[in-house]
Amino acid sequence: MKRIECEFEAEVLAAVIQSRWPERVDPELREHALTCEICSDVATVAGAMDTTRDEMRAAIVVPDSGRVWWLAQLRARRDAAKAAGRPITAAQIVAFGCAVALLGACFGATSTWFQTALGALLTSAKGMDMNALVPLLVEHGALAACMLAVVLLVPAALYLTVGRDHK
Amino acid sequence: MFRDVTFNDVSRVDTLHDACAGFVMDEDTFRAFYDRTARGVWAYLARVTGDRQAADDLLQETYYRFLRAAATHDSEDHRRNSLYRIATNLARDVRRRSLLRPTDLVGHDIERVTGDDRTSAAEHSTDVTRAMARLKPRERAILWLAYAEGNSHREIAEVLGLQPSSMKILLFRARRKLAELLSPGSKS
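Below, the structure is looked at part by part. Because the structure is predicted, anything quoted here is derived from the model rather than measured. The residue numbers shown here count from 1 along each chain, following its written sequence. Chains carry letters from A onward and ligands carry numbers from 1 onward, assigned in written order. Totals for whole chains, interfaces and linings use all residues, but because this is a predicted model, local features are given only for residues with pLDDT of at least 70 and pairs of side-chain atoms are given and counted only at 80 or more. To obtain the side-chain values, all non-hydrogen atoms of the structure were used and water was disregarded.

Moving on to the nonpolar core. Within this scheme, the nonpolar core is defined by two criteria: the residues are buried Ala, Val, Leu, Ile, Met, Phe, Trp, Tyr or Cys, and they are joined through side-chain atoms within 4.5 Å. Using a 1.4 Å probe on the protein chains alone, a residue whose accessible area is under 20% of its type maximum counts as buried, one over 50% counts as exposed, and one in between counts as partly exposed. One finds B:Tyr44, B:Tyr63, B:Leu143, B:Tyr147 and B:Leu160 to be the most contacted residues of the largest nonpolar core, which totals 74 residues. Helix numbers and strand numbers start at the N terminus; a helix is a DSSP run of H or I with at least 4 residues, a strand a run of E with at least 2. Ranked by residue count, the leading element in this core is helix H2 (residues 27-49) of chain B, at 11 residues. Not counting chain neighbours up to four residues away, the residues in contact with B:Tyr147 comprise A:Leu13, A:Val42, A:Val45, A:Ala46, A:Met49, A:Arg53, B:Leu171 and B:Arg175. By definition in these notes, contact holds between two residues if any of their heavy atoms fall within 4.5 Å.

Dropping the structure here:
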């Protein structure tokens, strides 16, 4: 089984971090690292990371902490306002649904054409077998398809519009 | 001249006040914590994403999410680990999005951090950057946390959301890979 750790690994790492590697360490440890793949890798990688980190940190310019705090506050306020507006949007959707239902009910109650068509449909539906549906669908197929599309598409469109506003 | 304040306005002001009160720390504590950690977090983000611009963008986002997280921290280390965990998740999200936009995250962008001068230190840094760019993002994160940040196996596992028991082997493999890439005969 291949070794994945070495007992001297920590010593090598400490020497690298304390900038003692390789000159200011026990010669035995140095000798060991020449023959131990793990310790040699630790010295190479830790040394590379240590140097790169110091160079990067010296060159990095991060935004001022006050600016980050201020931006976070602004964003928290914006998010809170958005969250506060969400129930209003939900209420608007419910109101829209009620309005559509009310409009439909009024239309159904006042339109003689609709009532006649509905009555005929109900009368024919009473003793109707499934085969009787076929000519009805053939005659009003386009209308039925349009109504079905509206029933399916309107909620989807509404959902997508409202969903986009909330993102 | 003056508009009457409505009930809606009052409740909105309360909501906004509550939004800032929801931060996990006050301004002074945050600023001190930010000054201690921001450079390290930026370097980590730059290393893991391989993109300086992404690191700039994600730094602000990391601290914002940290402030909004409803978490309690037992110690400074725990707080720091939470911060790095948020940074890790954000970097992962950027990487996922970049799969759809292959022109992003070329992996060599952070070479610009060390400037264009061809000194031996800058060349060394460039070599390390190029070698790191050939590792998997998780390997980069593991190596950076272990050797640049000095985290223990348990802390690295916590930040990356991995099992502590698997850290030894993951660290060994990532280290081996980078050491090979950094060796003089490598074509990195």
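From this point, things continue past the structure.
Our next topic: a negative patch on the surface. A surface patch of like charges, here negative, comprises A:Glu7, A:Glu11, A:Asp26, A:Glu28 and A:Glu31. In this fold, A:Glu28 is placed in helix H2 (residues 27-35). Surface patches are drawn from residues lacking salt bridges whose relative accessible area is over 30%; two like charges belong together within 9 Å, two nonpolar side chains (Val, Leu, Ile, Met, Phe, Trp, Tyr) within 5 Å. For every accessible area listed, the method is Shrake-Rupley and the probe measures 1.4 Å; residues are considered covered only by the protein chains on display. Just to be clear on terms, a salt bridge is a Lys or Arg side-chain nitrogen sitting within 4 Å of an Asp or Glu carboxyl oxygen. Lys and Arg are tallied as positive, Asp and Glu as negative. Neither His nor the chain termini are counted. Think of each charge as sitting on NZ of Lys, CZ of Arg, CG of Asp or CD of Glu.

All names here are of chain A. Two cysteine sulfur atoms form a disulfide, by the criterion used here, when they sit within 2.5 Å. Tallied over the full model, the rule gives zero disulfides over all chains. Cys6 forms no disulfide, and the closest cysteine sulfur to it belongs to Cys39, at a distance of 3.5 Å. Residue Cys6 is classed as buried on the basis of its relative accessible area, which comes to 9%.

Contacts between chain B and chain A engage 47 residues on the former and 41 residues on the latter. Of the roughly 4,200 Å² buried at the junction of chain B and chain A (both faces included), carbon and sulfur atoms supply 68%. Note on definitions: buried area is the accessible-area loss of two parts on being combined, 1.4 Å probe, summed for both. The three residues of chain B that bury the most area against chain A are B:Arg39, B:Tyr147 and B:Arg175, which together make up 16% of that side's buried surface. Across the chain B-chain A interface, the total number found is seven salt bridges. In this structure, the salt-bridge partner of A:Arg57 is B:Glu149, at a minimum N-O distance of 2.8 Å. Any N or O atom pair separated by 3.5 Å or less is treated as a polar contact, with the protein-specific requirement of one donor-capable and one acceptor-capable atom, and with residues adjacent in sequence counted only for side-chain atom pairs. At the surface where chain B touches chain A, the tally comes to 14 residue pairs in polar contact (both at pLDDT 80 or more). Elements represented by at least two residues in the side of chain B that touches chain A include exactly helix H1 (7-21), H2, helix H3 (52-68), helix H5 (120-133), helix H6 (137-148) and helix H8 (167-182) of chain B.

For the rest of this paragraph, the subject is helix H7 (residues 153-160) of chain B. Of all the positions in H7(B), only B:Glu155, B:Ile156, B:Ala157, B:Val159 and B:Leu160 are classed as buried. Following H7(B) by one or two positions, B:Gly161 adopts a phi angle in the positive range, close to 70°.

What follows concerns a nonpolar patch on the surface. All names here are of chain A. Together, Phe107, Trp113, Phe114, Leu118, Leu121 and Leu122 give the surface a local cluster of nonpolar side chains, amounting to about 620 Å² of exposed area. If you tally residues by element for the nonpolar patch, the top one is helix H5 (residues 112-126), at five residues. On the secondary structure map, Trp113 appears in helix H5. By relative accessible area, which is 59% here, Trp113 ends up exposed.

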